[in-house]
Amino acid sequence: MIIGITSDHRGFEIKKELIKELKNKNIKIKDNGCFTPGSCDYSLYGISLAEEVAKKNITYGIAICGTGIGMSIACNKVKGIRCARVVNKEEARLARNHNDANMLALSAATNFNDLIEIIETFINTDFSNEERHIRRIEKITNYENQLN
């Protein structure tokens, strides 16, 4: 399992801390930028990471910006991405279990320990494979495929 992580300038410092902590937990991490604390556009970094997840070069993606909202919007523009903007570990569990989400969008303002709990819950939760959830995801995928 490889976890890709990206941020804009507002998430830069917390991203560095998360990378260090996740590596200490023996989780393979790929840093997809940004690489400096200077102002940058979240959309470029979110889309770049989402493309890596969609190509299956990375197992899951974590995208961090000031609120998580912009990253979520940008990531979800990439075909095959189900990016959930979550604020707690229960939402992270449901994003994986019900929606088979492959990316998280997080707010840089979230408490560090809460972020670790959210990420660990997300990557350790399996998709339920329940028929109702499969059916719902297939409807989204079918719609997405009609767009191209």
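Here the structure is a predicted model, which means the values were calculated and not measured. (Residues numbered from 1 in each chain as written. Predicted model: local features only at pLDDT ≥ 70, side-chain atom pairs only at ≥ 80, totals over all residues. Heavy atoms only, no water.)

Peer 1: Residue-level account of the nonpolar core, with values.
Peer 2: Leu 18, Ile 64, Val 86, Leu 106 and Phe 122 are the most contacted members of the largest nonpolar core, which totals 25 residues. Listing elements by their share of this core, those giving two or more residues are β1 (2-7), α1 (12-24), β3 (60-65), α4 (89-99), β5 (103-107) and α5 (112-123). Ranked by residues supplied to this core, first place goes to α5 with 6 residues. Setting aside anything within four residues of it in sequence, one finds Leu 106 in contact with Ile 62, Ala 63, Ile 64, Cys 65, Thr 67, Gly 68, Val 86, Leu 115, Ile 118 and Ile 119. If you look at the next biggest cluster of nonpolar residues, it comprises 13 residues, including Val 53, Ala 63, Ile 81 and Ala 105. (Core = buried A, V, L, I, M, F, W, Y, C linked by side-chain atoms within 4.5 Å. Buried < 20%, exposed > 50% of the residue type's maximum accessible area, 1.4 Å probe, protein only. Helix = DSSP H or I, 4+ residues; strand = E, 2+ residues; numbered from the N terminus. Contact = heavy atoms within 4.5 Å.)

Peer 1: Before we move on, could you go through the pairing of strand β2 (residues 28-31) and cite the residues and values that matter?
Peer 2: One ladder, built from 4 bridges, connects β1 with β2; its direction is parallel. Paired with Ile 3 across the strands is Ile 29, a residue of β2. Regarding topology, α1 serves as the crossover connection from β1 to the parallel β2, and that connection is right-handed. (Pairing = 2+ DSSP bridges. Right-handed = clockwise from strand over helix to strand, strands pointing away.)

Peer 1: Can you explain the layout of surface pockets? Please cite residues and give values.
Peer 2: Estimates place the volume of the largest pocket at around 260 Å³. In this structure, the largest pocket is lined by 14 residues; those nearest its centre are Val 78, Lys 79, Gly 80, Ile 81 and Glu 144. Approximately 170 Å³ is the volume attributed to the second largest pocket. If you trace the second largest pocket, you find it lined by Val 53, Ala 54, Lys 56, Ile 58, Thr 59, Tyr 60, Gly 80, Arg 82, Arg 96, Asp 100, Ala 101 and Asn 102. (1 Å grid on protein atoms, 1.4 Å probe; cavity = no way out; pocket = protein on both sides within 12 Å on 5 of 7 lines; lining within 4 Å. Points joined across faces, edges and corners; volume = space filled by probe spheres on them.)

Peer 1: Got a sec to walk through helix α2 (residues 42-54)? Specific residues and values, please.
Peer 2: For α2, with 13 residues, the first-to-last C-alpha span of 18 Å sits near the 18 Å given by 1.5 Å per residue. Buried within α2 are the following residues: Gly 46, Leu 49, Ala 50, Glu 52 and Val 53. Down the axis of α2, the sector holding all buried residues measures 155°, keeping them to one side. Where the residues of α2 are buried, they touch β1, β3, α3 (69-75) and β5. Residue Lys 56 follows α2 closely and has a positive phi angle near 65°. (Expected span 1.5 Å × (residues − 1). Arc of directions from axis to C-beta.)

Peer 1: An account of α1 is requested, with residue identities and associated values reported.
Peer 2: Here α1 is 13 residues long and its end C-alpha atoms lie 19 Å apart, about the 18 Å a rise of 1.5 Å per residue gives. For α1, the full list of buried residues reads Phe 12, Ile 14, Lys 15, Leu 18, Ile 19 and Leu 22. The buried side chains of α1 occupy one side of the element, clustering within an arc of 150° when seen end-on. For α1, the exposed residues set more than 90 degrees away from the buried face come down to Lys 20 and Asn 24. On its buried face, α1 sits against β1, β2, β3 and α5.

Peer 1: Provide a residue-level description of the pairing of β5, including the pertinent values.
Peer 2: Burial analysis of β5 places 5 of its 5 residues in the buried class, the great majority of the element. Of the two faces of β5, the one holding Met 103, Ala 105 and Ser 107 and the one holding Leu 104 and Leu 106 are both buried throughout. Pairing analysis gives 5 bridges linking β3 to β5, with the strands arranged parallel. Within β5, the position partnered with Ala 63 by the bridge is Ala 105. When strand β4 (residues 83-85) meets β5, the two strands line up parallel, connected through 3 bridges. Bridged to Ala 84 within β5 is Leu 104. Read as a crossover between parallel neighbours, the route from β4 over α4 to β5 is right-handed.

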